[in-house]
Amino acid sequence: MQAQLWILNLHQKLPVPLKHEDHYKLRPSPGARIQYGVDHETYVYQLALDMGSAPSFTEMLELGWKMVACWALSANINVKFRLVGPWKWSGAKRVMEG
């Protein structure tokens, strides 16, 4: 997802300019050995939003109820964000349903 965003940014094809976001960063305790990390689910969803690859509920309804349930209940895996947007892939629905 990061590579997809990077490529779109290089080609100046992002739907909106990127803005600084912090909501996906983990907040470790002061004594923690590792002081940086991100919540993968939130981070990947933010990347998809930035690229225009995060499908809306109504877009998912057009694909059927099985896809709506899969979309709503599954983890934020890359294929979930290949259903719409600049990296749309015709096989993404089949992978999600399987």
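From a predicted model like this one, the values you see are computed outputs, not experimental measurements.

Thresholds applied
- Here the residue index of a chain counts from 1 through its sequence in written order.
- Given that the model is predicted, a residue must reach a pLDDT of at least 70 before its local features are reported, and side-chain atom pairs must reach 80 or more before they are shown or counted; all residues, however, enter totals for whole chains, interfaces and linings.
- For side-chain calculations, the full set of non-hydrogen atoms in the structure is used, while hydrogens and water are omitted.
- For helices, the fitted axis covers only the stretch in contact; all axes are lines through C-alpha atoms, and the angles between them, taken along N-to-C directions, range from 0 to 180 degrees.
- Helical segments are the DSSP runs of H or I of at least four residues, strand segments are the runs of E of at least two, and each set is numbered from the N terminus.
- With respect to orientation, any angle under 35 degrees is reported as roughly parallel, any angle over 145 as roughly antiparallel, any angle of 65 to 115 as roughly perpendicular, and every other angle as oblique.
- By convention the crossing between two helices is left-handed if the near helix lies anticlockwise of the far one by an angle smaller than a right angle, and right-handed if it lies clockwise.
- Residue contacts are counted whenever heavy atoms from the two residues lie within 4.5 Å of one another.
- Each residue is assigned to one of three classes by its accessible area relative to the maximum for its type, calculated with a 1.4 Å probe on protein chains only: buried under 20%, partly exposed between the two thresholds, exposed over 50%.
- This arc is built from the directions going out from the helix axis to the C-beta atoms.
- Neither His nor the chain ends is counted toward charge; the positive residues are Lys and Arg and the negative residues Asp and Glu.
- The salt bridge criterion pairs a side-chain nitrogen of Lys or Arg with a carboxyl oxygen of Asp or Glu, the two atoms within 4 Å.
- By nonpolar core is meant a set of buried Ala, Val, Leu, Ile, Met, Phe, Trp, Tyr and Cys residues that side-chain atoms within 4.5 Å join together.

K.L.:
Would you mind going over the packing of helix H1 (residues 2–10) against helix H2 (residues 40–51) with me for this structure?
P.N.:
Relative orientation and spacing of two packed helices are given, respectively, by the angle between their axes and the distance between those axes. Running from N to C, H1 and H2 point in directions that differ by 25°, and their axes come no closer than 10 Å. Considered as vectors, H1 and H2 are oriented roughly parallel to each other. The element H1 and its partner H2 pack so that their crossing is left-handed. Counted together, Gln2, Gln4, Leu5 and Leu8 of H1 and Tyr43, Leu47, Asp50 and Met51 of H2 form the full contact between these two elements.

K.L.:
For this particular structure, what's the right way to read H1?
P.N.:
Since there are 3.6 residues in each turn of an α-helix, residues three or four apart along the chain are aligned in direction. Looking only at H1, the buried set comprises Gln4, Leu5 and Leu8. Here the buried residues of H1 occupy an arc of 100° about the axis, which is enough to place them on one side. Away from the buried face of H1 by more than 90 degrees, exposed residues Gln2, Trp6 and Leu10 are located. Tucked inside the fold, the buried residues of H1 contact H2. Immediately beyond the C-terminal end of H1, within one or two residues, lies Gln12, with a positive phi of roughly 55°.

K.L.:
Which parts of the structure should I look at to understand the side chain of Asp50?
P.N.:
Within the secondary structure, Asp50 sits in helix H2. Notably, Asp50 is buried but unbridged: the nearest opposite-charge side chain belongs to Lys19, and the N-O separation is 7.6 Å. The residues contacting Asp50, other than those within four sequence positions of it, are Leu5, Leu14, Pro15 and Leu18.

K.L.:
So what exactly am I meant to see when it comes to the pattern of salt bridges here?
P.N.:
Opposite charge on two side chains makes pairing possible when the charged atoms of those side chains draw close. The full count for this structure, using the stated rule, is 3 salt bridges. We note a salt bridge from Lys25 to Asp22, for which the minimum N-O separation is 3.3 Å. One salt bridge in this structure joins Glu97 and Lys93, with 3.6 Å as the shortest N-O distance. In this pair, Glu97 and Lys93 are both assigned in helix H5 (residues 92–97), 4 residues apart and thus about one turn of the helix distant. With relative accessibility at 34%, the residue Glu97 sits in the partly exposed group.

K.L.:
Got a minute to help me understand the nonpolar core in this structure?
P.N.:
Within the largest apolar cluster, 12 residues are counted, these being Met1, Leu5, Leu8, Leu14, Tyr24, Tyr43, Val44, Leu47, Ala48, Met51, Ala54 and Phe81. Looking at this core, the elements that each hand over two or more residues are H1 and H2. For this core, the element with the most residues is H2, which contributes 5 residues. What Leu8 contacts, discounting residues up to four positions off in sequence, is Lys13, Leu14, Met51, Pro86 and Trp87.

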